[in-house]
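Residue-level structure breakdown
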Amino acid sequence: QVQLVESGGGLVQAGGSLRLSCAASGGTLGRNAMGWFRQAPGKEREFVAAISWSGGTYYADSVKGRFTISRDNAKNTVYLRMNSLKPEDTAVYYCAADSTIAAVTREPDYWGQGTQVTVSS
């Protein structure tokens, strides 16, 4: 069974930056795709960004130009660099994995437990 563990969340002022990490272990998905979702209090979980095994990326319009997703396949780790953070970015951020970007953006098979990101005004 694949396990995903997020880290790097915390409190940051608006306009600041933060980098999240997600390490996969305990199994293999082959040439998998990984991604990030987020869920704010009282709202549904929403897609943020995804990356293919070979490095192709896809972003939600709300974060395009501010967030950058990347991965280190040797470490089986995906990262999310968040710049120009806004209070509306405040949410629990979840790492996800599946076989393709399409699968990750829709109904990923594997989820992490989440890490809290809080952006103050």
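Scroll up a little and you will see the structure.
The present account deals with the structure reproduced in this document. (Residues numbered from 1 in each chain as written. Predicted model: local features only at pLDDT ≥ 70, side-chain atom pairs only at ≥ 80, totals over all residues. Heavy atoms only, no water.)

Considerations on the pattern of salt bridges
Using the following cut-off: Here, a salt bridge means any side-chain nitrogen of Lys or Arg that lies within 4 Å of a carboxyl oxygen of Asp or Glu. Strands here are runs of E lasting at least two residues and helices are runs of H or I lasting at least four, both read from the DSSP assignment and numbered beginning at the N terminus. For every residue, the accessible area obtained with a 1.4 Å probe (protein chains only) is divided by the maximum for its type, and the residue is called buried under 20%, exposed over 50%, and partly exposed between those limits.
What the rule picks out here adds up to four salt bridges. Between arginine 38 and aspartate 89 there is a salt bridge, and its shortest N-O distance comes to 2.9 Å. You can see arginine 38 sitting in strand β4 (residues 33–39) and its partner aspartate 89 sitting in the loop between β8 (77–82) and β9 (91–98), a full 51 residues away along the chain. Residues lysine 64 and aspartate 61 are paired through a salt bridge, measuring 3.3 Å at the closest nitrogen-oxygen approach. Taken individually, lysine 64 and aspartate 61 each receive the classification exposed, so the pair is uniform in this respect.

Remarks on the state of the cysteines
The test is simple: Only a pair of cysteine sulfur atoms within 2.5 Å counts as a disulfide in this structure description.
In the structure shown here, the tally under the stated rule is one disulfide. A sulfur-sulfur distance of 2.0 Å marks the disulfide that ties cysteine 22 to cysteine 95. Between cysteine 22 and cysteine 95, the S-S dihedral sits near -85°, and the bridge is therefore left-handed. Of this pair, cysteine 22 sits in strand β3 (residues 18–25) while cysteine 95 sits in strand β9, and the two are 73 residues apart along the sequence. What makes cysteine 22 buried here is its relative accessible area of 0%. Given a relative accessible area of 0%, cysteine 95 falls into the buried group.

Functional significance is not addressed by these values, which are geometric in nature.
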